[in-house]
Amino acid sequence: MLNSVYKLWKTKLSIMLIFNLTRIILFIVLFSFIFERVFPFLDNMSYSKLVILVYLAMLSLQQNFYIAFFSRVNKIVVLLLILFLLTNIFNGGLLISQDIKSLDFSFLFNILFLWVLLTHEKLDPGILNSSLFFYVIGYLILVLFYFFGYYDILSNGRVYIGGSLPNNLALNGVYAVSFLLLFLERVKKKSFLLMLSIFFAVILFTMLIASTGSRSGFLSLLMVFLIYLIFARRNMKLIMLSISIIIILVFYENFSVIVERFSSFLSSGEIGGRRHIIDFSLNLISSNFIFGVGREQFDLLSNSVFGYSPSPHNVLLEVFLYGGVFAFLCLVSIIFKLIQISYKSYKLSNSYSYVILIPPLMFQALSGQIFNSKVVFLVLAVIISSKMVNLKK
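A brief report on the enclosed structure follows.

### A few points about the overall build of the chain
Part 1 of the argument: Broken down by element type, the chain carries 17 helices and two strands.
Part 2 of the argument: Here the chain holds 393 residues, and the buried ones make up 49% of them.
Part 3 of the argument: Within the chain, residue pairs in contact and separated by at least 24 positions form 77% of the contacts whose partners lie at least 6 positions apart.
Part 4 of the argument: For the chain, the accessible surface area stands at approximately 19,500 Å², while carbon and sulfur atoms represent 68% of it.

### Things to note about the packing of helix α4 (residues 75-88) against helix α6 (residues 105-123)
Part 1 of the argument: In contact at an axis separation of 10 Å, α4 and α6 are set at 175° when each is read in the N-to-C sense. Considering their axes alone, α4 and α6 lie roughly antiparallel with respect to each other. On the side of α4, the interface is formed by Val77, Leu80, Leu81, Leu83, Phe84, Thr87 and Asn88, while α6 contributes Phe107, Leu108, Ile111, Leu114, Trp115 and Leu118.
Part 2 of the argument: Of the residues contributing to the contact of α4 with α6, the split by class is 11 nonpolar, two polar and no charged.

### Examining unusual backbone geometry
Comment: phi is negative for the bulk of residues other than glycine, and the bulk of peptide bonds are trans.
Part 1 of the argument: Backbone geometry places Asn64, a non-glycine residue, at a positive phi of 65°.
Part 2 of the argument: Mapped onto the fold, Asn64 is located in the loop between α2 (47-59) and α3 (65-70).
Part 3 of the argument: The residue Arg72 is not glycine, and still its phi comes out positive at about 50°.

### Some words on α4
Part 1 of the argument: In this model, α4 (14 residues) spans 20 Å end to end at C-alpha, consistent with the 20 Å of a helix rising 1.5 Å per residue.
Part 2 of the argument: One side-chain oxygen at the N-terminal end of α4 lies 2.9 Å from the backbone nitrogen of Ile76; it belongs to Asn74.

### Describing helix α16 (residues 358-367)
Part 1 of the argument: Judged by how many residues are buried, α16 sits mostly within the fold: seven of 10 residues are covered.
Part 2 of the argument: Those residues of α16 that fall on the buried side of the exposure criterion are Ile358, Pro359, Pro360, Leu361, Gln364, Ala365 and Ser367.

Rules of the game
- Residues numbered from 1 in each chain as written.
- Predicted model: local features only at pLDDT ≥ 70, side-chain atom pairs only at ≥ 80, totals over all residues.
- Heavy atoms only, no water.
- Helix = DSSP H or I, 4+ residues; strand = E, 2+ residues; numbered from the N terminus.
- Buried < 20%, exposed > 50% of the residue type's maximum accessible area, 1.4 Å probe, protein only.
- Contact = heavy atoms within 4.5 Å.
- Areas by Shrake-Rupley, 256 points an atom, 1.4 Å probe, with all protein chains shown as cover.
- Axes fitted to C-alpha atoms, helices over the stretch in contact; angles between N-to-C directions.
- Parallel < 35°, antiparallel > 145°, perpendicular 65-115°, else oblique.
- Nonpolar A, V, L, I, M, F, W, Y, C, P; charged D, E, K, R; others polar.
- Expected span 1.5 Å × (residues − 1).
- Polar contact = N/O pair within 3.5 Å; in protein donor to acceptor, adjacent residues only side chain to side chain.

Structure, rendered in structure tokens:
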């Protein structure tokens, strides 16, 4: 009898240990996202990917993991897998070269990461929202690096840190601000000290975002603030407006680069030297409308024109180029479903917090790449899981 009780106790203890270790490793994963490009320690594999593999191994030891993983797979995960196949294999490039080359394994890895995060949310409801705090802490440390002078400046005055270029640095900051506001909205009893700490952190984040000179980052930040002001309570609106005035008056110098870049765009239509790439991409799309040209064929054609293979810097263009109209429609379906989930979450809980995650996601999609960004797939997981969290509430 005592022996069976001991075995049962030992089993429960090991289950709880695995459960808590999995949580801790997820917190480390999100913390590492901020520093992945700033300090790229490993040449062939980023350390965040390495931690994710450890996280996956630990999560797979939990009870019912495989049942949760394969049961009721989210529709967005399925659509992303279809999008991967259309842009990497079943496209016009395969029809031309009759060969499959250079698959986008980062995209596939991130889809798997999203799938795993949603599985973890099934096994441990609310874990994704809890883990976002560690992402914010990571970015706060990066901001401190900036204030202590650990940063570099491009020839046009834009700030970057290590391998984290201005746009990446700015959009990561917008996600951090969004997560902070999400956390603030979830707290029922808001003490003065908590409010002061959060808004002080928002000021610091905003200063670094402005210093990067990222127009997409700054516009998405303004959209986040606008959504917050629309849905927040009256006293919160007054506090937010006061802080905005303080930021503009005290830290005006930080906005000089972003103001100059916006002025350049308004006067000459300058979009970072990407116009010729966009024109080239649109011409390719018009002549390969149905199936696209595939990644390999785009590299060959762009090399013959530019001498190198530039990024389209727009996910809508990129998907249309690689996979044609079917891949484009698949991407549009994913975007529509994300907006639909955010709206349903708002209707279920009267919460604005998941809606504010949409602007930085859309601006990053329109101005850069998202399929190789783990942070983007983290945000997708948070938005998708919001429906489950609100239904449970």
